[in-house]
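# Tertiary structure, described
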Amino acid sequence: MASIQMVDLRAQYEQIKAEVDQAIQQVLDTTAFINGPDVKAFSAELADYTGARFVIPCANGTDALQIAMMALGFQPGDEIIVPTFTYVATVEVIALLGLKPKFVDVLPDTYELDPKALEESMGPRVVGIVPVHLYGQCSNMEFILDFARKNNLKVIEDTAQAIGAVYTFSDGRKAQAGTMGDVGTTSFFPSKNLGCYGDGGAMFTNDPVFAETLRMIANHGQKKKYYHDSIGVNSRLDTLQAAILRVKLRHLDRYSASRNEVADRYDKAFVNHPNIKTPKRAANSTHVFHQYTVQVEGASRDELKAYLQENGVPTMVYYPVPLHRQNAYLEYGYSEGDFPIAESLCNKVLSLPIHTEMKSEQQDFIINTIKFFFTK
Ligand SMILES: *Cc1c(COP(=O)(O)O)cnc(C)c1O
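Residues numbered from 1 in each chain as written. Predicted model: local features only at pLDDT ≥ 70, side-chain atom pairs only at ≥ 80, totals over all residues. Heavy atoms only, no water.

What counts here: UniProt positions are given in the numbering used here, feature names are shortened, and annotations may be inferred rather than shown by experiment.
As annotated in an unreviewed UniProt entry, the protein chain is dTDP-4-amino-4,6-dideoxygalactose transaminase from Algoriphagus alkaliphilus. Here is the UniProt Sequence similarities (unreviewed entry) comment for the protein chain, exactly as written: "Belongs to the DegT/DnrJ/EryC1 family."

Below, the structure written as structure tokens:
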């Protein structure tokens, strides 16, 4: 049996090697390394895939969040509602722009932002909400969009983990993750569901004027070369990465399907297991399983993790510390106990290997090793 990886980028590359190598060679042959034709073509193809009217590429998912917040015109001191149980990038750009995070707790079963927490986190300086579609399924967008409309807030969807997830509104309308708010942001970090071979990111919007603003800020605040209308940043998607992403986008539906197969097998293996709580599917969203994250109950998560590691099964803890308890963000004045669900999840969550080339014998081994730990 081949050794088990959290994400098997090598096995995935081998499956699409001919297509990828050709795409890379063609960029090398034309030497159009910056803003080459593949960048535009990929943006158009991703717009087509997601249903977003405009896709604006940039250098990574963190930049995408920063550019989105700059383009929305948030001012220092403005407050942004953000879940405390997420990757640091979201709150990092809030802090960098002189904005203030207003943390909220998450739901104990789907791990998404708790809609009931929004009302009490409102205040006169709150200008935006960042729902993070954590692990691969959409937050409760109907509620969040409704709340934002009533309170005149902007919605920035962090879709770095959920590209391709489909949300269904109560009237039956469907939309992809990242295309429902004022702006959506995503990352093409290699291990993301649509990953390139380096760094990359993009922003989604349906508003043509706002799309121009995003594009301008990502390009030094200029529309016309050497004429700068606003302070911008330098954030581009390399042509090589765009060429690779064009290949991988063609396989994305198949990748999501194989991730779902792996998830279904885990679900079945641990149904009613006393110590392993499987992730709940959100009511109105499909799941693209960027991560398959269980909760370890009535046993030590860290002991299980160490045991699995010794037996050749890698696992990860996303995330061990909630953002309101991270040293860098203590200045915002939160304390332990403020967000009990997130704090308890940080001690219980364990993400199991899930990827597009997982063999069933590998998965059986993972499942049996976990089960054996609890019978020792
Ligand atoms: C990966 C990730 C990001 C940041 O993306 P980078 O491309 O690494 O900058 C932001 N938010 C979430 C939720 C992520 O998982």
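## Comments concerning the sheet that holds strand β13 (residues 292-296)
Sheets are built from strands that pair by backbone hydrogen bonding, the pairs being arranged parallel or antiparallel. This is how the line gets drawn: For two strands to count as paired, DSSP must find a minimum of two bridges between them. Only runs of H or I of at least four residues qualify as helices and only runs of E of at least two qualify as strands under DSSP, and these elements are numbered from the N terminus.
In space, the three strands of this open sheet follow the order β12-β13-β14, with antiparallel pairing throughout. Edge positions in the open sheet fall to β12 (276-277) and β14 (349-352), since each of these has one partner strand only. The sheet contact formed by β13 and β14 spans four bridges and is antiparallel. Its bridge partner being in β14, V294 is matched across the sheet by L350.

## Concerning the sheet that holds strand β5 (residues 154-158)
Our working definition: To get an axis, fit a line to the C-alpha atoms, keeping to the stretch in contact for a helix; angles then go from 0 to 180 degrees between the N-to-C directions. Two residues form a contact once any of their heavy atoms are found within 4.5 Å.
The seven strands lie next to each other as β1-β9-β8-β5-β4-β2-β3, forming an open sheet whose pairing is mixed. Each edge of the sheet is formed by a strand with only one pairing partner; in this case those strands are β1 (54-58) and β3 (100-104). Each adjacent strand pair in this sheet contributes to an overall mean axis angle of 25 degrees, direction not counted. As judged from the five bridges shared by β1 and strand β9 (residues 201-205), these two strands associate in the antiparallel manner. If you follow P57 over to β9, its bridge partner there is A202. Sheet strands touched by helix α6 (residues 141-151): β4 (126-129) and β5. Its angle to β5, the strand with the most contacts, is close to 150 degrees.

## Describing the UniProt feature "active site" (unreviewed entry) in the protein chain
The test is simple: Exposure is judged per residue with a 1.4 Å probe applied to protein chains only, and the accessible area is read against the type maximum: over 50% gives exposed, under 20% gives buried, and values in between give partly exposed.
Those places that UniProt annotates as "active site" (unreviewed entry) correspond, in this numbering, to K192. If you trace the backbone, K192 turns up in the loop between β8 (183-187) and β9. Given the relative accessible area of 16%, K192 is considered buried. In contact with K192, not counting residues within four places along its chain, are A160, S187 and H290.

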